[in-house]
Amino acid sequence: MEQPHSRSYTLQLDEIQGLIASGYGDRPAASYALFEVTDVARARKWIARIVPSIQFGGYRRTPRHMPPLLADVCINLAFTYEGFEALQLDQVVLRGFSLPFQEGFSDPHRARRLGDDGPSAPENWTWGGPNNPDVHGMLAVFAGQQDANHADIELPGQVIASQICEENGLRLVKVLQAWPTNRALRKEHFGFRDGISNPRLAGLARQGAVDVIANGEVVLGYPNGYGKMPMSPELPTHLDRRGDLLLPGDDHLAPRRDFGRNGTYLVFWQLAQDVKAFWNYIFRTAEQLPWSRLEREGGERSGREAALWLAAKLMGRWPNGSPVTAYPERSGSIRHQDDNDFRFGSMGDAFGEKCPIGSHIRRTNPRDTALPVPHDPELSGDPKDPTVQQDRIDRANLHRILRRGRPYGAPLDVDFDPETMLAASEALAPDDAERGMHFLCLNANLSRQFEFVRSNWMVNPTFAGLSRDPDPLLGPQRACPFPASDFTLQGYPPRQLRNLPRVVETRGGAYFFLPSRSALQHLGRDL
């Protein structure tokens, strides 16, 4: 095994697929083709041919207007464990992948632990489940400029049709088309600005950037947040016949080469959003809340204002993106919509009186929230102490993920106005196409990052000293660890919301691996 100090840890951007380096916000049209390998020889030749067309991260070495530029059509390629098996990757390499990747996203024990039960159970999925065709790989295609036109939206489909075919040893399983992103609003279907709290890789962050995580938290082959090298699938040297993999390893200590270096695990999680159920609950519940405290603070709220206040408390941000911790009673201005530079403790919100402890953004990234018991300073330290705050942030950063999701399905209102969306949802036909999120995220350790966040922070009703409070969007009324559907508004006195509905359901999902350029070239060799 190479020692961490014996190599350069500068990100090798020409080896890393471009989706790791950015979410392609400048390419608003996107489609994801799920496919099965039907002929291994043809499929390997196809991989060899398509590698030069794949977008790698070299464009991040220079300013946006200087070459190398981002391609007009960005293509990325990933495989499931079953896909690597179908391509007859060496068994030693296969056994080197993490156990969650080998077992798969739809494993019944994993699904139960992650909250995928009832309508979200894998047997009810439209893809990736036990009752669906095998998924071996995914070709992701991004295109367009600014706000996408019709031709831009059609282009990814044309690329997919030309690549995923029997001639290339592949069979198309399903195409998942994203809704073209509105670059100004950047909102998901409940009407909240999305993609704000996304960490930056240390190797790509500008000087002075906040919310930075170690490269090895996402990319294999680099030190992670513990200062250790992530586990990576390796290839016996004698099977690397050309000996041209980028990182050969130390053959004196371990005659193997690193297949996983510059690659990462990619989670694809398709989520359907019930906009009607969400805003119905919010408007109905807001009418029943006592508003005496708000009135004392000069607030005179109509039903709409009260509903927006309550929805912001559940989410942890206002619809325009401004954080509730900084703006607890009314949203911040548009210049605060991307505000991600805040801590709960230093802003007097250690105990959730501004941004509730159980809110969606707080439990998906607790920042300096004391865990597991924020209300016990003797045990967890003074929340105003900067050293204590930084220690908590460092611990939370060991579970971060890099999100690359996009919405799918037409929005109920182009401006995402809650009342307009609710009225539109009342008029929907039963067979109206659903809407939701193609949630994609990248991480180097599926257990410690994606699965930990879902099972320990989101689904868990006892998160941070709570009793029966799961994530208000993704956790109500799940069977594991026990049914719960409360939401607590901390304060004097605290208030408790009951019977939160299920508003998000899983429609499909899979664990993929996004290989490096060298690993793809290895896969493209003849057997």
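Model, not experiment: these values are computed from the prediction. (Residues numbered from 1 in each chain as written. Predicted model: local features only at pLDDT ≥ 70, side-chain atom pairs only at ≥ 80, totals over all residues. Heavy atoms only, no water.)

Looking at this model, I keep getting lost on the overall build of the chain. Mind explaining?
Summing up its helical and strand segments, the chain has 16 helices and 15 strands in all. A compact globule built from 527 residues should have a C-alpha radius of gyration of about 24 Å, and the chain, at 23 Å, falls within 12% of that. In terms of its C-alpha atoms, the chain occupies a principal-axis envelope of roughly 75 × 55 × 50 Å. Long-range contacts, defined as pairs at least 24 residues apart, comprise 74% of the intrachain contacts of the chain with a sequence gap of at least 6. Just so you have it, the chain exposes about 22200 Å², and 51% of that area is on carbon and sulfur atoms. Across the chain, 60 positive and 64 negative side-chain charges occur, with their mean positions spaced 3 Å apart. (Helix = DSSP H or I, 4+ residues; strand = E, 2+ residues; numbered from the N terminus. Rg over C-alpha atoms; globule rule 2.2 N^0.38 Å. Contact = heavy atoms within 4.5 Å. Areas by Shrake-Rupley, 256 points an atom, 1.4 Å probe, with all protein chains shown as cover. Lys, Arg positive; Asp, Glu negative; His and termini not counted. Charge placed at Lys NZ, Arg CZ, Asp CG, Glu CD.)

Is there a simple way to think about the confidence of the model for the chain in this case?
Where the model shows low pLDDT, its predicted coordinates should not be examined in detail. In this model, the chain carries a mean pLDDT of 90, and residues with pLDDT of at least 70 account for 93%. Across residues 1–8 the pLDDT falls below 50, and counting only partners more than four positions away or on other chains, this stretch makes 14 contacts in the model. (pLDDT = per-residue confidence, 0-100.)

Could you clarify how one ought to interpret unusual backbone geometry in this entry?
Both trends apply: most residues other than glycine have a negative phi, and most peptide bonds are in trans. Of the consecutive residues P67 and P68, the connecting peptide bond is found in the cis state with omega at 0°. By secondary structure assignment, the location of P68 is in the loop between α2 (40–50) and β2 (74–79). You will see that R186, though not glycine, has its phi angle at about 50°, which is positive. Residue placement: R186 occurs in the loop between β4 (170–177) and β5 (200–201). Even without being a glycine, R367 presents a positive backbone phi close to 50°.

Quick question: what am I supposed to make of the pairing of strand β1 (residues 29–37) here?
In the case of a regular strand, side chains alternate between the two sheet surfaces. Across the 9 residues that make up β1, a large majority, 9, are buried. Taking every second residue as pointing to the same face, both faces of β1 are buried, with A29, S31, A33, F35 and V37 on one and A30, Y32, L34 and E36 on the other. Here 7 bridges tie β1 to strand β3 (residues 137–143), and the two strands are oriented antiparallel to one another. Bridge assignment links L34 to a residue of β3, and that residue is M138. (Buried < 20%, exposed > 50% of the residue type's maximum accessible area, 1.4 Å probe, protein only. Pairing = 2+ DSSP bridges.)

Please clarify how the packing of helix α8 (residues 275–288) against helix α14 (residues 418–426) should be interpreted in this entry.
For any two helices packed against each other, the geometry comes down to the angle between their axes and how far apart the axes lie. For the pair α8 and α14, interaxial distance at closest approach is 9 Å and the crossing angle is 125°. The orientation of α8 with respect to α14, classified from their angle, is oblique. In this structure, the crossing between α8 and α14 has a hand that is left-handed. For the pair α8 and α14, the contacting residues are V275, K276, W279, N280 and F283 in the first and P418, E419, M421, L422, S425 and E426 in the second. When its residues are assigned to classes, the contact of α8 with α14 shows 6 nonpolar, 2 polar and 3 charged. (Axes fitted to C-alpha atoms, helices over the stretch in contact; angles between N-to-C directions. Parallel < 35°, antiparallel > 145°, perpendicular 65-115°, else oblique. Left-handed = near helix turned anticlockwise from the far one by under 90°. Nonpolar A, V, L, I, M, F, W, Y, C, P; charged D, E, K, R; others polar.)

For this particular structure, what's the right way to read the state of the cysteines?
Here, disulfide denotes a covalent bond that connects the sulfur atoms of two cysteines. For the structure on display, the rule yields 0 disulfides. Summary of cysteine pairing: C441 is not part of a disulfide, and the nearest cysteine sulfur, belonging to C480, is at 20 Å. (Disulfide = S-S within 2.5 Å.)

How should I be thinking about the packing of aromatic side chains in this particular structure?
Here a ring pair, both rings aromatic, is described through the centre-centre distance and the interplanar angle of the planes. Applying the stated criterion across every chain yields a total of 32 aromatic pairs. Geometrically, the ring pair formed by F79 and F84 is tilted, given 5.6 Å between the ring centres and 45° between the ring planes. With a relative accessible area of 1%, F79 lands in the buried category. A network of ring pairs unites the aromatic residues F35, W46, F79, Y81, F84, F97, F101, F259, Y265 and F513 as a single cluster. In this structure, R362 packs its charged tip against the face of F344, placed 3.8 Å from the ring centre. The side chain of R367 reaches across the aromatic face of F342, ending 3.8 Å from its centre. (Phe/Tyr/Trp six-rings, centres within 6.5 Å; stacked < 30°, edge-to-face > 60°. Lys NZ or Arg CZ within 6 Å of the ring centre and 35° of its normal.)

How should I be thinking about the environment of D338 in this particular structure?
By secondary structure assignment, the location of D338 is in the loop between α10 (303–315) and α11 (360–364). Along the backbone, D338 and D394 are 56 residues apart, and their C-alpha atoms lie at a distance of 22 Å. Excluding its chain neighbours within four sequence positions, the residues that come into contact with D338 are R186, R193 and I196.

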